[in-house]
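Architecture at a glance
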Amino acid sequence: MLQRIYGIAFWTQKELEDKLKFYEEAKRRDHRKLGKELEFFTIDEMVGPGLIIWLPKGAVFRQIVEDYLKQKHKELNYQFVYTPHVGKSTLWETSGHLSYYKENMFPEMPIENETYYVKPMNCPFHMAIYKSKIRSYKELPIKIAELGTVYRYEMSGVLHGLMRVRGFTQDDAHIFCKQDDVKSVIQETLNLAFEVLQDFGFSDYQIFISTKPKDAIGTEENWEISESALKDALENLGKSYEIDEGGGAFYGPKIDIKIKDAIGRFWQCSTVQFDFNLPERFDLYYVGEDNKKHRPYIIHRALLGSVERFSGVLLEHYAGALPVWLSPIQVAIIPIADRHIEYANEVLKLLKAKNIRAYIDDRPERMNAKIRDNELQKIPFIAVLGDKEASSNSVSIRTKIENIPVSSTLEEFANILDNSLISKR
RNA sequence: GCCGGUGUAGCUCAGUCGGUAGAGCGAGGCAUUCGUAAUGCCUAGGGCGUGGGUUCGAGUCCCAUCGCCGGCUCCA
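Just so we're clear, the structure is a prediction, and the values are computed from it rather than from any experiment.

1. As for the side chain of Q170
Among the secondary structure elements, Q170 is positioned in strand β9 (residues 167–177). Accessibility expressed as a relative area gives 10% for Q170, which makes it buried. Polar contacts involving the side chain of Q170 include one to the side chain of N122, which spans 3.3 Å. In this structure Q170 touches N122, E146, L147, G148, V150, R152, G305 and S306, once residues within four positions along its chain are discounted.

2. Here we look at the nonpolar core
Membership of the largest hydrophobic core comes to 61 residues, with the highest contact counts inside it found for I186, F200, F202, I255, F310, L314 and L326. Per-element accounting of this core gives the leading share, nine residues, to helix α7 (residues 182–199). Once you skip the residues sitting within four places of it in the chain, F310 turns out to touch L197, F200, F202, I259, C269 and L304. Of all hydrophobic cores here, the second largest spans 21 residues; its members include Y130, L140, L284 and I298.

3. Overview of the pattern of salt bridges
With the rule as written, the count across this model stands at 27 salt bridges. With its nearest N and O atoms 2.9 Å apart, the salt bridge here joins D18 to K14. Here D18 and its partner K14 are both found in helix α1 (residues 13–29), four residues apart, which amounts to about one turn of the helix. A salt bridge links D30 to R32, with the nearest nitrogen and oxygen atoms 2.6 Å apart. Overall, D30 belongs to the buried group, its relative accessible area being 15%.

4. What about a nonpolar patch on the surface?
A cluster of nonpolar side chains, L20, F22, Y23 and I263, forms an exposed patch at the surface whose accessible area comes to about 360 Å². Its place among the elements puts L20 in helix α1.

5. A closer look at the protein's contact with RNA strand B
Residues in contact with RNA strand B amount to 45 residues; listed here are only the nearest, R164, Q268, C269, R366 and S396. Contact between RNA strand B and K36: a phosphate oxygen at 3.3 Å from a side-chain N or O atom of the residue. R398 places a side-chain nitrogen or oxygen 2.8 Å from a phosphate oxygen of RNA strand B. In terms of residue count, the dominant contributor to the surface near RNA strand B is helix α12 (residues 367–376) (seven residues). Across the surface near RNA strand B, the residue classes break down as 16 nonpolar, 10 polar and 19 charged.

6. Examining the sheet that holds strand β5 (residues 109–111)
Spatially, three strands are ordered β4-β6-β5 in an open sheet, and the strand pairing comes out antiparallel. For this open sheet the edge positions go to β4 (86–88) and β5, each flanked by a neighbour on one side alone. Strand-to-strand, the axes of this sheet are offset by a mean angle of 35°, without reference to chain direction. Summarising the sheet, β5 and strand β6 (residues 114–118) pair through three bridges and their orientation is antiparallel. Across the sheet, the residue bridging to M109 is Y116, located in β6.

7. Quick word on the pairing of strand β20 (residues 394–399)
Of the pairings in the sheet, the one linking strand β19 (residues 381–385) to β20 comprises four bridges and is antiparallel in character. Paired with F381 across the two strands is T399, which belongs to β20.

8. Here we look at unusual backbone geometry
The omega torsion of the bond from L140 to P141 falls at -5°, within 30 degrees of zero and hence cis. Tracing the backbone shows P141 in the loop between β7 (135–136) and β8 (142–151). Even without being glycine, K378 reaches a positive phi, approximately 55°. Using a relative accessible area of 27% as the deciding quantity, one classes K378 as partly exposed.

9. Regarding the confidence of the model for chain A
Residue-level pLDDT values for chain A average 93, and 97% of them are 70 or greater. Two numbers describe this predicted complex: its pTM, 0.94, and its ipTM, 0.92.

10. Section: the packing of aromatic side chains
Applying the stated rule across the entire model yields 18 aromatic pairs. Where F202 meets F310, the ring centres are 5.4 Å apart and the plane angle is 70°; that geometry is what we call edge-to-face. A residue pair is termed long-range when its members are at least 10 positions apart, and F202 in the loop between α7 and β10 (205–210) and F310 in helix α10 (residues 307–317) qualify at 108 residues. Linked through ring pairs, Y68, F200, F202, F310 and W325 together constitute an aromatic cluster. Above the face of the F194 ring, K239 is positioned so that its terminal group lies 4.5 Å from the ring centre. In this structure, K293 packs its charged tip against the face of Y285, placed 4.3 Å from the ring centre.

Each value, and the rule that gives it
Residues numbered from 1 in each chain as written. Chains lettered and ligands numbered in written order. Predicted model: local features only at pLDDT ≥ 70, side-chain atom pairs only at ≥ 80, totals over all residues. Heavy atoms only, no water. Helix = DSSP H or I, 4+ residues; strand = E, 2+ residues; numbered from the N terminus. Buried < 20%, exposed > 50% of the residue type's maximum accessible area, 1.4 Å probe, protein only. Polar contact = N/O pair within 3.5 Å; in protein donor to acceptor, adjacent residues only side chain to side chain. Contact = heavy atoms within 4.5 Å. Core = buried A, V, L, I, M, F, W, Y, C linked by side-chain atoms within 4.5 Å. Salt bridge = Lys/Arg side-chain N within 4 Å of Asp/Glu carboxyl O. Patch = residues over 30% accessible without salt bridge, like charges linked within 9 Å, V, L, I, M, F, W, Y side chains within 5 Å. Areas by Shrake-Rupley, 256 points an atom, 1.4 Å probe, with all protein chains shown as cover. Near = heavy atom within 4 Å. Nonpolar A, V, L, I, M, F, W, Y, C, P; charged D, E, K, R; others polar. Pairing = 2+ DSSP bridges. Axes fitted to C-alpha atoms, helices over the stretch in contact; angles between N-to-C directions. pLDDT = per-residue confidence, 0-100. Phe/Tyr/Trp six-rings, centres within 6.5 Å; stacked < 30°, edge-to-face > 60°. Lys NZ or Arg CZ within 6 Å of the ring centre and 35° of its normal.

Here's what the structure looks like:
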């Protein structure tokens, strides 16, 4: 009988201590722990493994993220859509998912002599949108976007907090374009991707380009144009990348961006991939200037990847202390005694008028306890109000953000908040 | 799914050789109205993931099952 024994050894005491310190830090930053402490999300055994329940505070955060994304996309003329969560088997046969992806799909649901499947991807629906009318070369590129929630069967052993789940929402989009558009579309997409990553404070990530595998569909020209568009765009941005030679999907090359979590594991987030398969399968075309049918190129991309995973990575990145613009509660107002509540309400009213997410901690607790609790909730600004403040129309400010005065007038405080909201850091 | 570990109160965790479950925080109540990280006192709360089994007796032992944790494979 064999017994496997695991062990880890270090050459020096210091190396051991560093490793232990690292474990401690990783534990502190673990998004599963933070998610519970900050009341962002929960996973209920009764609901099901890998299925995320967003609690009110997490939902506020998520909505901010989604609003931000929608804004960014609308600026680039993306069109947002909503599509169903299930589709008939013919849809998945046409897309090829039933032949290539079935083992990752939730099992079929028979209804009235038809079989339905919960969607593991949004693509087929976006194809249906493209096909919903005849497309002319004049309207390309068409950019169809959706915060689309998909469900995939993942083996129980790989589930991990928000990072690896069975139901998640992709910030998905399909860009339909002509061959001449490919270069500029890819450039625009990557510009956007890096802009978004930067706005969320990420600069440490790995970029991979995956190129043509052995068994691939699409013409030589398709692959060449696409691969060089990906490389050129990255080089124009001065981003270094690795090439996964032959690592692309059979239907097209892609760029993947992976971001590190608290213990140094990389998680795939952004992805930009060509798809030479779906246009054929769905027989997509546009009418060209020559009045003939042409196949569009499809670029399938997600910037955050999944809202869930990205949120997990983000929580770990900031160890829960989110930037002001992403904090569900931006200001906690602490009146020292009950007689200060009236002034606290004035302050609250002013902040709310400026769309700042603030609340008054009016529990019958001591000021110190309230400060502690709000600190632990990692609220970026704590405004303490007592006799001094009430009489001088000011606030006393407690924050970890640098270069903020410890006390200021109400007006100044509002300006300080405005400034910290503008910079997405 | 596989290998290993684990599951006790809302949370974090203790529970000895099998003898009938305990702490802190939190919650509820009362008092306290207070200047930058925990005010004091009182009270309630679980039958130990679930289902079987062994035993006079099971958080404690055995089997099964579910969830979780770490790793493998795959991915957003």
